[in-house]
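Residues per chain are reported as follows:
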Amino acid sequence: MKVALFATCLVDTVAPQVARATAVLLERLGHEVVVPPGQACCGQMHVNTGYRREAVPIVANHVRAFAGAEAVVAPSGSCVASIHHQQADVLRRGGETALADEAAALAERTYELSQFLVDVLGVTDVGAYYPHRVTYHPTCHSLRMLHVGDRPVRLLRAVRGLELVELPGAEQCCGFGGTFAVKNADTSTAMLTDKMANILGTHAEVCTAGDASCLMHIGGGLSRLRSGTRTVHLAEILASTEEAVSPHQATRPAVPA
Amino acid sequence: MTVFLGLPTAPRGVGNLRGDQPFPDAARTALRDGQLRANLGHATSTIRAKRAAVVGEVPDWAQLRAAGAALKRATMARLDEHLLALEEQVTARGGTVHWARDANEANEIVTRLVRATGSDEVVKVKSMATQEIGLNEALEAAGIAAHETDLAELIVQLGHDKPSHILVPAIHKNRAEIREIFLREMPAVDPELTDEPRQLAMAARAHLRERFLRARVAISGANFAVAKTGTLAVVESEGNGRMCLTLPETLITVMGIEKLVPTWRDLEVFLQLLPRSSTGERMNPYTSLWAGVTPGDGPQEFHLVLLDNGRTATLADEIGREALHCIRCSACLNVCPVYERTGGHAYGSVYPGPIGAVLSPQLTGVEDNASLPYASSLCGACYEVCPVAIDIPSILVHLRAEHVEAQERTTVEALGFRWLAKAMSNPRLWHAAQKAAGLGRFLARGKPTMPAALPPPASKWTRTRDLPTPPKETFTQAWLREHGG
């Protein structure tokens, strides 16, 4: 299958290894990956901060950039949720009726990584090898807007060498919430503190999730604690194999030791 | 009969819908209170588990929830007709209906009615509507003492405090703190009182019994009103409400106009949804239903005050109006990670938590509670747990947009978002912006994270978290280089 990769603005700019891993994984599974060069952002940050009107051209750019794609995959539950639940509405309100219909159709062909692997490609064992103790944080939008359910866990269980440990209070928000982390920095930090305590309590080496944004928040906190536990995106774990050094290690360390 | 067809919002200077500080500032104070966080964490996790267990045993919960949402939506679509039907029924059964546009009018009506009885004190059933309009304060100013009879409301009142939770107003207090309040404020209390729950309850009981038997006027809210039969309903756990609803000579009920259900049969759905969602009980211990007056039985005079106070303005907003579906169960408070850490006082309104964050700004006008729609990480736990499926996250986002669009002056934030929007809708500009972000590498000087001392607004992030240093090349640039355009 020809898969268009939506890197998302955040991954593309500060965590390129996550998009790289997604591409490596899909190619290893025998699919052709294309990266539409006109892509930028899904518009969620603007919509969720109240800049609904300003989001219109961003969403329009996204819909046009992926117009011809057969299937779109993004390593971000949050962005995919926005594409599913917000984009068409934003365009419709902005008077872009025709483009709104296109956005709705595009949303139907857009998938979060774990959903694409399990539901569309029908695989849970992607042939990965990752010899680490890992805990999984289910991120709010993946959990409650996309209903990814246990798909990421099934994928992780099939990874050779990986020891999966359950995260207490997994379904509680990490406190990121986009601009919430800045607008309500103290409350966000209080939520993060509890999340980190739960993660450290598992004695996992790695905390993984399907959203680079939540991981940036959690990883940023863990890094400040010099805890030794790091955050690694689900795509990076699934892209790792015995033969090849995992792609993020090849480019740059995900989080400092 | 007067029906006001304008769209008034709750007036300033009266009632309890506005805080003194924006949410982030009020939250900062609460976050420093370790005792508060411990009390809240314990209480919310206990009630979450109870609710989950009793909801889990109802096989058709999803259908019940959908029925509740549909009933609310249908009722709101014809609210005017239902309200007129209710007025007709209440009047036919010997009650008197009063219409109050806002808090001031409602307080005036109730004060006048109490004065007419010659009484200078009233007993109160726990009621959010009367808390909302600041009725106790208004009565006090008129020389009338209002005694709260719900145990938690009593604790808050005796403690000269404000409620911090819709269902458990004293959730922020533990047993030891309650004992202190009783010893200090309750006349004739046993000085040997311990903080054992039974002892505390017995002390409150002795204190309240005397009030119930003395009171000639009672004031209540209403959980539901059946339009077709003129029946009012109060559901509660302690029986104190029933004492107030049956013993005094005069009963005055203040009810928000959104509390209606069309028919008696509709109650069935809500009487299942409410107790399981709120107290985690299969059924609440006391359900009191009354219609008008019955000669020789119960209050001989009944007044119903129908309160707008920003509700029709809320109803006029096609997205925000869903907040009026709320049945005040407070399940959203108990699951909200923000509420759990800040408590209710940080929200400044009698309606705290996720539902308060969408209801208060709509009742007051969004400019008066502008920080509340942002007091959420949009995690969605509130929507998931709401027994009438109010999509709180979507309303929060909608109200944020209303706030942004209503701003008259261009803020630095707005400039930033506009500039970013320009870049994010133009690939060439976007790549240039990404390159600019890459300049963070200079600040980082080869380290994997940027320095902690970044200037505002980034400092709000870097005070507690490291920001990753942007890589030399973005993913799309690298891909383009490797694969060609």
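Values in this document were obtained by computation on a predicted structure and should not be read as measured data.

Glancing now at the overall build of chain B. A tally of helices and strands in chain B yields 23 helices and 10 strands. The globule rule puts the C-alpha radius of gyration for 485 residues at 23 Å, and the 26 Å found for chain B is close to it. Considering only C-alpha atoms, chain B reaches an extent of 90 × 55 × 50 Å along its principal axes. By the burial criterion, 56% of the 485 residues in chain B qualify as buried.

With that settled, consider the interface of chain A and chain B. If you look at the interface, chain A gives 63 residues, while chain B gives 66 residues. Overall, the association of chain A and chain B removes approximately 5,800 Å² of surface from exposure, summing both partners, and the carbon and sulfur fraction of that is 59%. Across the chain A-chain B interface, the total number found is 13 salt bridges. Counting the contacts that link chain A with chain B gives 35 residue pairs in polar contact (both at pLDDT 80 or more). Counted by class, the side of chain A that touches chain B contains 29 nonpolar, 20 polar and 14 charged residues.

Residues and elements named next belong to chain A. Annotation of chain A at the domain level lists domain 1 (2–120) and domain 2 (133–239). For domain 1 versus domain 2, the distance between C-alpha centres works out to 22 Å. In this assembly, 29 residues from domain 1 lie in contact with 23 residues from domain 2. Roughly 2,000 Å² is buried in total at the junction of domain 1 and domain 2, and carbon and sulfur atoms are behind 68% of that figure. When the area that domain 1 buries against domain 2 is broken down by residue, the three leading residues are Leu10, Gln115 and Val118, summing to 21%. The interface formed by domain 1 and domain 2 contains one salt bridge. Among the ionic pairs, Arg151 bridges to Asp119, the shortest N-O distance being 2.9 Å. One can count 13 residue pairs in polar contact (both at pLDDT 80 or more) joining domain 1 with domain 2. When grouped by side-chain class, the residues that make up the side of domain 1 that touches domain 2 number 14 nonpolar, 12 polar and three charged.

All names here are of chain A. Read from one edge to the other, the open sheet built from four strands follows the order β6-β5-β7-β8, with strand pairing classed as parallel. Every other strand in the sheet has two partners, leaving β6 (163–165) and β8 (230–233) as the edge strands with one partner each. Here the average twist between neighbouring strands, direction ignored, is 35°. Bridge analysis of strand β5 (residues 133–136) against β6 gives three bridges, and the strand direction is parallel. Bridge assignment links Arg133 to a residue of β6, and that residue is Glu163. In the packing of helix α13 (residues 212–225) onto the sheet, the strands contacted are β7 (206–209) and β8, and the crossing angle to β8 comes to about 165°.

Turning our attention to the pairing of strand β3 (residues 71–74) of chain A. A regular strand places its side chains so that they alternate between the two faces of the sheet. Residue and element names in this part refer to chain A. Alternating residues of β3 divide into Ala71 and Val73 and Val72 and Ala74, and every residue in both groups is buried. Two strands pair when backbone bridges link them, and strand β1 (residues 2–5) and β3 are joined in this way by three bridges, in the parallel orientation. Note on β3: the bridge partner recorded for Ala4 is Val72.

Considering every residue of chain A, the mean pLDDT works out to 95; 95% of them sit at 70 or more. Note that residues 248–257 of chain A has pLDDT below 50 and, in this model, 21 contacts with residues that lie over four places away or in other chains.

The next point concerns the UniProt feature "domain: Lactate utilization protein B C-terminal" (unreviewed entry) in chain B. The feature "domain: Lactate utilization protein B C-terminal" (unreviewed entry), as given by UniProt, occupies residues 408–480 of chain B in the numbering adopted here. Secondary structure across residues 408–480 of chain B divides into 53% helix and 0% strand, with the first and last C-alpha atoms of the span separated by 43 Å.

Residues and elements named next belong to chain B. Strand order in the open sheet formed by six strands is β1-β10-β7-β4-β2-β3, and the pairing between neighbours is parallel. Edge strands, defined here as strands with exactly one partner in the open sheet, are β1 (96–100) and β3 (145–148). Shown here is a sheet whose adjacent strand axes are inclined to one another by a mean of 25°, direction ignored. Both strand β2 (residues 121–124) and β3 contribute to a ladder of four bridges, which runs parallel. Bridge pairing links Glu121 to Ala145 in β3. Each of β1, β7 (250–256) and β10 (301–307) touches helix α4 (residues 79–92); the most contacted strand, β1, lies at about 145° to it.

Procedures and definitions
- Numbers given for residues are sequential positions, taken from 1 along each chain in its written order.
- A letter from A marks each chain and a number from 1 marks each ligand, given out in the order of writing.
- This being a predicted model, a pLDDT of at least 70 is required before a residue's local features are given, and a value of 80 or more before pairs of side-chain atoms are given or counted; all residues contribute to the totals for chains, interfaces and linings.
- Side-chain measures were taken over the full set of non-hydrogen atoms in the model, leaving aside hydrogen atoms and water.
- By definition, any uninterrupted DSSP run of H or I lasting at least four residues is a helix, any uninterrupted run of E lasting at least two residues is a strand, and each is numbered from the N terminus.
- In this description the radius of gyration comes from C-alpha coordinates, and the expected globular size is given by 2.2 Å times residues to the power 0.38.
- Buried, partly exposed and exposed residues are distinguished by accessible area as a fraction of the type maximum, computed with a 1.4 Å probe on protein chains only: under 20%, between the cut-offs, and over 50%, respectively.
- By definition in these notes, contact holds between two residues if any of their heavy atoms fall within 4.5 Å.
- As used here, buried area is the combined drop in accessible area, with a 1.4 Å probe, of two parts when they are placed together.
- Definition used for salt bridges: Asp or Glu carboxyl oxygen within 4 Å of a side-chain nitrogen of Lys or Arg.
- Polar contact criterion, stated in full: a pair of N or O atoms within 3.5 Å, where within protein one must be able to donate a hydrogen and the other to accept it, and residues adjacent in sequence count only if both atoms are side-chain atoms.
- Ten residue types, Ala, Val, Leu, Ile, Met, Phe, Trp, Tyr, Cys and Pro, are classed as nonpolar, four, Asp, Glu, Lys and Arg, as charged, and the remainder, Gly among them, as polar.
- Domain ranges listed in this record stem from an automatic or a database domain assignment.
- At least two bridges found by DSSP between two strands is the condition for calling them paired.
- Here, axes are lines fitted to C-alpha atoms. For helices the fit covers the stretch in contact, and angles between N-to-C directions go from 0 to 180 degrees.
- One confidence number per residue, pLDDT, is output by the predictor and ranges from 0 to 100.
- UniProt positions are given in the numbering used here, feature names are shortened, and annotations may be inferred rather than shown by experiment.

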